Each structure stands twice: as structure tokens, then as C-alpha cells.
Amino acid sequence: MEFKSDLKQDAAGGAAHLLQAWQSRLHSAGIACKTLAWEGSDSQSVNPEVSPEWLTRWKSVAQASTPGENLKIVRPGLSAVEDTLFVLRVESQTTFHGVLGVWLAPTQGERFAPMLVLASAWLLAEFEQRKAQFQADPAQVLEILAYTGAQADARTAAQEWINRCANQLGASNLHLSLFEIRRGQARWLVSSHTAWIEPGTPALAEAEALVIRTQDLEQEMHAESAWTIPLFGPSGVVAVLHIAGKAEPSLANRLRAAAQLAEPMLRHWRKAEQSLPGHVWQLCSDGIYKLSRPGSHKLKISTAAAVLLISLLCFVPVQDRVAANSVIEGKTRQTLSAPFDGFIAEVWARPGMTVKKGQKLAQFDRRDLLLEQAKLQSQYEQAASKLRTANAEHDAAASMAAGAELRKSQAELDEVQARLERSTILAPMDGLIVSGDWSHQIGVKIDTGRQLFEVDSSEKFRVILHVPEREIERVRNGQTGYVRLTGRPDAAYPFVVTNVTPVADVQNGENGFRVEADWQGASPLIKPGMQGVGKIETGQTNLLTVFMRDPLHWLRIKIWSWGW
């Protein structure tokens, strides 16, 4: 796109130059043109001194011209003494170049019409020659670009490019140099047919001064024996092509087009060859340079914001906390288990009920125990009768045997009596039943030791926190914190850690440790079983540590698991 645009601009400038030269030739031949107007496919040039009436007439005639209509003579018809407008259509058999308007004074008249037609042939020949030249240049530039891209490294490619530009674009008698602009300084890269230039030489210093001036003004510079062409990138001028010697405008246009095509490729090639530390260093250096020079307000504002944010993250102290899922329990909790294998016969309590000490909660089926008690009672009475008979007969051996049988029966009877007493599950204290709903399992067999009920004291409660194992090392007895309950998220209740259990358990797929805490101050009006989120305060830290702790923990584990 840039190459085509340059050709179009060169063609436009060339049209004006050719018209000026053509007018000079007419004056030399004795034809005095008052003014010229031109409208073509590549440019439009109209002399502003032309009156509006003539300008309107000229545009209408130019737009109405048809192929093959070489000459028109137009008069406005306003007076007998008036200028004459000659309209010439400049075209070859295959190409239309434009329509030329020539104003002649009344004294010259139409007798110069044949000479104008002949003179237009010279103009047509010049246009055709320039067209052929522009059609040949892109092929040369693309050929140079192809040779450049076939090189092994960026330095060799740059040297190949500038040598071929000098040889193939007609600049062999000139000295071409490509300078890189980095952080406001000019750095020599390559020169045509030159492998190395000693830094600090007068010629190089003079070229660098002109290059820096070109970069500051962001426009081409023309000196007596040098020409500089700036090459633009996303951030302004990134390189400058220096031409030592007198360069014709057409040659400068070809070199400009070649440089604008090749420079981005060479620049990205050099960056791709840099090492990672080199990339980082250059990025930092460029950023510092942009911050130190005027302008770049967005970069300066964003950098200041980033520095402020990092300062807040690193230097502003915040309270470090360990978050954990929490549940409320009674400070005293007792678990009631099945005293023996049996069947539940009756249930009088369910979770959430407030009970008194000694209140019946459930009853096991006692029928088998009562039958066994009756049987053992009968055996006991028989043994007692035998003992009385043996004592009455003064039979020592029989007395001893009856006494042993009596004691055995008494023990068995006491055991059955104890089981009968334990068949009724009683509340061990005043409190709240937090687990154990057996109302729908009457008649179900219960094994010995199976948990039936959990009763929490109704006077005092405590907080139980499930601390993840990655955070447990920061939790100590005596640390304080706050808990917010799901049912009361608007209030935070303070607590103090009293016990960190050494045994881990799994909750919701996460391994953690049970941490117990007591309330600070009066116990809030809450109920056991309420859940929430607690946060244990572990000291002062900064926000950066808070944000990066979990990612760094995960990274350390991953690196260790990979065997490093």
C-alpha cells in the first residue's frame, strides 16, 4: 500500500513538472500561454487565477471530452475580444492520461491550434516514458526484497538489501547507509559496499547529525550532498535511509519505496534474533526512554498508576487472616450410644429439641429382657431354697454348692436388671439434641455402640473451624478472629483459638484440621449447628503476599512433584 501510494504521489508531482516544462517549450516557440489547467487520472491541477466563469466552462468541457477527440476550441461568447480556451485530450491507443486546458490571449487566436496539437505529442511521449519507468520499478524492488529474505541472518540480509538497492536501482555512484533510531539516538547498521565503518569518523558523525535532525523533524532532509528519508513505525521514526551524493527525485522515490518495504522485515528480523534477556533489556530501556522524554502522557499515567498499585501491594500493611468453614457447637457435647444389641421400641426426642437432665429420649424393646429376668428370678429363688435346706440339715457340702449357685443367679439377675435400666436412653444433661432422628426407625435393629444422639449443653457454645492443611502452620493457640454465620451475615462475632487438634479430617473433599475456639466476651444468642465462615488473624503482612500465597504454594508443590 505504501509503495503504490508513493508511485501515485510521484506521478502527480511528475505531471505538474511536465506541464511546467511543456509551457516553457510553448513560450520558446512563441506561444504565450496565460495559464494551464490539467485534469487526469493521477492528479488534478487548476490555476486559481482563472475566473470562476472560465473554470466552470473548463470543467464541463473536460468532463464531456470523448476518446479520439484531440482538440476543442471554446469561447465563452461574452465579448468580441476574449481569451481562447484550447482543450486537448492527451491519450495513446491504450492509455488515457488527462485533459489539458490552454488559455491563449485574443491576439494569438486559433492559428496556433496545429502547433498545440503537435506540442501535445511531446507531452504524450513523456507520460508514456514515465509510465514505463514506474511499471519497471516494482519488479526491481520485489526482486531485491526476495534476495534479502533468502539470507541466513538479519545483518547479512540488511547488507544484501542495501548493496542491491545501490546496484539495481541506479544508485551505484551514491553511498547508501541505513541508520536505526533507538531511544533518540542514531545507530549505524549497514552501508552500500561497506562492511564496517569506524565509529567517530567525521563522515559518520556528519551523517548521524543529519539523521537525528530528520528524526526530530520527522520529514525528509535535503542537504547539498546528502538526502535522508525517514522510515516510520508504530512509535514514529524507527530508521533513516541516508543517501550521500546528489540523488534525482525519481531515484529517491525508488529508494524510498524499497526502504519502506524492506525496513519492517529487517527490524522484526533483528528483534527475533535477540535472546530473551536482550528482549527484556530492550523493552525496559525503551520504556525508560519514553518516560524520560516529553509527551507519552498515557504511558506516564499508566506507569504512575502501576507504581502506585505496586507500592500499595508491597508497603501498605494489612491484617493477615486464615479463612475456614465454621460450625457452632456446645462447649460440652455428649454422645449417647446403643448400650447393647436390640430394637428401638419408642422414641420421644428429635434433633433440635431442648431436653432436661434425666429426660427420656428413646426406649429399647424390653420383652426379651423381662422374660430373661423372670427366668433368672426363678433360678435365684430355687438356689435360695436349696441353701436354706442345706443349712437346716447342716450339710456343709450342699450348703457350699447352693451358696455358689445363689451368687451366680444373683449376678446374672443384676446384669439383666442393669440392661433393663439402660434400655431407656436418658438425657445426660440439660441441653439441645443436635443429631439423632430415630422416629422413623422404630423396630430397626441397633448394634452395640452405634451413635444414637448428640446432646450439646445449652449454656455455653464454641466455634469449630475446619482449617485447610496448607494454612494450619500459621494457626496458634491464643490467636483471635471473627466468624460470620450464614443465618446472620450482618454481624461478626469475635473468638479466640483454644485448641488445634493434631488429627486431620476431610470435609467437602478438602483435607483440614479441627480448630476449637471460644467466644470473646458474652456468648451470642445462637444455636448449635449454625454454620458460617471464620477468619483467624495471624499477624501483619502486605497485599502482595496475600494475593500470591496460594499461587506460590501451588507452584512449589507442582515443581516438587515434577522432581525438581
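Residue positions are given per chain, counting from 1 as you read along its sequence in written order. This being a predicted model, a pLDDT of at least 70 is required before a residue's local features are given, and a value of 80 or more before pairs of side-chain atoms are given or counted; all residues contribute to the totals for chains, interfaces and linings. Note: side-chain values were computed over all heavy atoms of the structure, leaving out hydrogens and water.

## Points about the environment of T335
A helix here means a DSSP run of H or I that spans at least four residues, while a strand means a run of E at least two residues long, and both kinds are numbered starting from the N terminus. Within the secondary structure layout, T335 lies in strand β12 (residues 333-337). Taking the C-alpha atoms as reference points, T335 and F453, 118 residues apart in sequence, are found 5.8 Å from one another. The contact partners of T335, leaving out residues within four places of it in the chain, are Q451, F453 and E454. Throughout, a contact is declared for two residues whenever any of their heavy atoms are within 4.5 Å.

## Quick look at unusual backbone geometry
With phi around 55°, R183 is a residue other than glycine that occupies positive phi space. By secondary structure assignment, the location of R183 is in the loop between β6 (175-182) and β7 (185-191). Residues other than glycine seldom take positive phi values, yet N508 does so here, at roughly 55°. Position of N508 among the secondary structure elements: in the loop between β22 (488-507) and β23 (510-519). Only protein chains enter the accessibility calculation, which uses a 1.4 Å probe; a residue is then buried when its area is under 20% of its type maximum, exposed when over 50%, and partly exposed in between. For N508, a relative accessible area of 76% corresponds to the exposed category.

## What about the confidence of the model for the chain?
Per residue, pLDDT captures the predictor's confidence, and it can take any value from 0 to 100. In this model, the chain carries a mean pLDDT of 80, and residues with pLDDT of at least 70 account for 88%. Mean pLDDT values over the elements of the chain span from 50, in strand β2 (residues 44-46), up to 92, in strand β21 (residues 480-485). Segment residues 1-13 is flagged for pLDDT under 50; beyond a separation of four residues in sequence, or across chains, it makes 20 contacts in the model.

## Quick word on the layout of surface pockets
If a probe the size of a water molecule is rolled over the atoms, the empty space left behind becomes visible. In this analysis a 1.4 Å probe is tested at points of a 1 Å grid over the protein atoms alone, and where it fits but cannot get out there is a cavity; an open set with protein on both sides within 12 Å along at least five of seven lines is a pocket; lining residues have an atom within 4 Å of a point. Grid points are joined across faces, edges and corners, and a volume is the space filled by probe spheres set on the points. Computed from the structure, the largest pocket encloses a volume of approximately 890 Å³. Lining the largest pocket are 35 residues, with I181, R182, S235, Q282 and D286 sitting closest to its centre. Every element with two or more residues in the lining of the largest pocket is listed here: α4 (154-168), β6, β7, β10 (236-244), α6 (249-273) and α7 (276-292). Top element by residues in the lining of the largest pocket is α7. It accounts for seven residues. Following the grouping adopted for this structure description, the nonpolar residues are Ala, Val, Leu, Ile, Met, Phe, Trp, Tyr, Cys and Pro, the charged ones are Asp, Glu, Lys and Arg, and the polar ones are all others, Gly among them. Across the lining of the largest pocket, the residue classes tally to 13 nonpolar, nine polar and 13 charged.

## Some points on the sheet that holds β12
Spatially, four strands are ordered β12-β19-β17-β14 in an open sheet, and the strand pairing comes out antiparallel. Bordering the open sheet on either side are β12 and β14 (354-355), each of which pairs with just one other strand. Pairing between β14 and strand β17 (residues 431-435): two bridges, direction antiparallel. The residue of β17 that forms the bridge with V355 is G431. A pair of strands is considered paired only if DSSP assigns at least 2 bridges between the two.

## Notes on the pattern of salt bridges
The rule for a salt bridge is simple: a side-chain nitrogen of Lys or Arg has to be within 4 Å of a carboxyl oxygen of Asp or Glu. Counted by the stated rule, this structure contains 18 salt bridges. Linking R462 and E516 is a salt bridge whose minimum nitrogen-to-oxygen distance equals 3.4 Å. Of this pair, R462 sits in strand β20 (residues 461-468) while E516 sits in strand β23; the two residues are 54 residues apart in sequence, bridging distant segments of the chain. One salt bridge connects E516 with R514, and the closest N-O pair in it is separated by 3.4 Å. E516 sits in the buried class, given a relative accessible area of 14%. On the accessibility criterion, R514 (27% relative accessible area) is partly exposed. Where salt bridges share partners, they join E180, R182, R187 and R270 into one cluster.

## Quick notes on the environment of K386
Tracing the chain through its elements places K386 in helix α9 (residues 367-392). When the C-alpha positions of K386 and A398 are compared, they lie 8.1 Å apart, and in sequence the two are twelve residues distant.

## Things to note about the packing of α9 against helix α10 (residues 396-422)
Whenever a helix is involved, its axis is fitted only over the stretch in contact; in every case the axis is a line through C-alpha atoms, and angles between N-to-C directions fall within 0 to 180 degrees. Across the interface, α9 lies against α10 with an axial gap of 8 Å and an inter-helix angle of 160°. When the axes of α9 and α10 are compared, the pair comes out roughly antiparallel. Here the hand of the crossing between α9 and α10 comes out left-handed. Roughly parallel covers angles under 35 degrees, roughly antiparallel covers those over 145, roughly perpendicular covers 65 to 115, and oblique covers all other angles. With the far helix as reference, a near helix turned anticlockwise by less than a right angle produces a left-handed crossing, and one turned clockwise produces a right-handed crossing.

## Observations regarding the packing of aromatic side chains
Centres within 6.5 Å are what make two rings of Phe, Tyr or Trp a pair, Trp counting through its six-membered ring; a difference in plane orientation under 30 degrees is then read as stacked, over 60 as edge-to-face, and the rest as tilted. Evaluated as defined, the whole model comprises three aromatic pairs. Residues F340 and F364 carry aromatic rings whose centres are separated by 5.4 Å and whose planes lie at 55° to one another, so their mutual orientation is tilted. Of this pair, F340 sits in the loop between β12 and β13 (342-347) while F364 sits in strand β15 (residues 360-364), placing them 24 residues apart in sequence. A ring pair is formed by Y493 and W519, whose centres lie 6.1 Å apart and whose planes are at 80°; its orientation type is edge-to-face. Highlighted residues: Y493 in strand β22 and W519 in strand β23, separated in sequence by 26 residues. Residues Y493 and W519 agree in their burial class; the two are buried. Lying over the aromatic face of Y147, R164 brings its terminal NZ or CZ to 3.6 Å of the ring centre. Charge-over-ring placement is defined geometrically: NZ (Lys) or CZ (Arg) within 6 Å of the ring centre, and within 35 degrees of the ring normal. Across from the ring centre of F340, 5.1 Å away, lies the NZ or CZ of R419, which sits over that ring.

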